[in-house]
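Now for the letters of each chain:
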Amino acid sequence: MDKNPGDMMLSTTADAFADDGPSGPVLEDFDRPAAGADAGDEIGGLDAVHDVPVKVQAVLGRARMPVGDLLRLKAGAVVELDRRVGEPVDIFVNDRLIARGEVVLIDNALGVTLTEIVRTDR
């Protein structure tokens, strides 16, 4: 019986896994922390992305105005927003809503404490 190139490729591919033992090739389990990760580290294996910069925004509110009004704004001008004092602020990461929070003052600096994580179904 003549062998075609497809048969040769299949046997060559099968030979490549011959040394993997009776259970076949070993595949990495991505659901578990990587080997060497701390036992308490829930995100083990993600160390490579810890230094990736992301854009984080806390949106206090929004306003809509004509460009002419925007150009006439001066220091001390008040811009009316679509939210009231005490309403939650939206937290965006890379332009995606991920949480809501409250504005807080800590050591004369403004911050946001997260009160709700927004779950989005894909």
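It should be noted that the structure appears before, not after, this text.
As the structure is a computational prediction, the values presented were derived from the model and not from experiment. (Residues numbered from 1 in each chain as written. Predicted model: local features only at pLDDT ≥ 70, side-chain atom pairs only at ≥ 80, totals over all residues. Heavy atoms only, no water.)

Draft legend 1. Broad picture of the overall build of the chain. Of the regular secondary structure elements, the chain holds two helices and four strands. Going from the N terminus to the C terminus, the chain shows its helices and strands as α-β-α-β-β-β. Within the chain, the proportion of its 122 residues that are buried is 9%. When contacts within the chain are restricted to residue pairs at least 6 apart in sequence, those whose partners lie at least 24 apart make up 27%. Only carbon and sulfur atoms are counted for the fraction: they give 55% of the accessible area of the chain, which is about 11,200 Å². (Helix = DSSP H or I, 4+ residues; strand = E, 2+ residues; numbered from the N terminus. Buried < 20%, exposed > 50% of the residue type's maximum accessible area, 1.4 Å probe, protein only. Contact = heavy atoms within 4.5 Å. Areas by Shrake-Rupley, 256 points an atom, 1.4 Å probe, with all protein chains shown as cover.)

Draft legend 2. Molecular detail of the pairing of strand β4 (residues 109-117). The pairing of strand β3 (residues 96-106) with β4 spans eight bridges and is classified as antiparallel. Counted as the bridge partner of R100 is E116 from β4. Here β3 folds back onto β4, and the loop between the two strands holds two residues, one of which, D107, carries a positive phi near 50°. (Pairing = 2+ DSSP bridges.)

Draft legend 3. Layout of the layout of surface pockets. Space inside the largest pocket adds up to approximately 260 Å³. With three residues, β3 is the largest single contributor of residues to the lining of the largest pocket. Taken together, the residues of the lining of the largest pocket break down into seven nonpolar, two polar and five charged. (1 Å grid on protein atoms, 1.4 Å probe; cavity = no way out; pocket = protein on both sides within 12 Å on 5 of 7 lines; lining within 4 Å. Points joined across faces, edges and corners; volume = space filled by probe spheres on them. Nonpolar A, V, L, I, M, F, W, Y, C, P; charged D, E, K, R; others polar.)

Draft legend 4. How the structure looks around a nonpolar patch on the surface. There is a patch of nonpolar side chains on the surface, built from L60, M65, L70, L73, V79, L81, V103, L105, L110, V112, L114 and I117 and spanning about 1,100 Å² of accessible area. Broken down by secondary-structure element, the contributors of at least two residues to the nonpolar patch are β3 and β4. Per-element tally for the nonpolar patch: the top contributor is β4, with four residues. Within the element layout of this structure, L114 appears in strand β4. A relative accessible area of 48% means that L114 is categorised as partly exposed. (Patch = residues over 30% accessible without salt bridge, like charges linked within 9 Å, V, L, I, M, F, W, Y side chains within 5 Å. Salt bridge = Lys/Arg side-chain N within 4 Å of Asp/Glu carboxyl O.)

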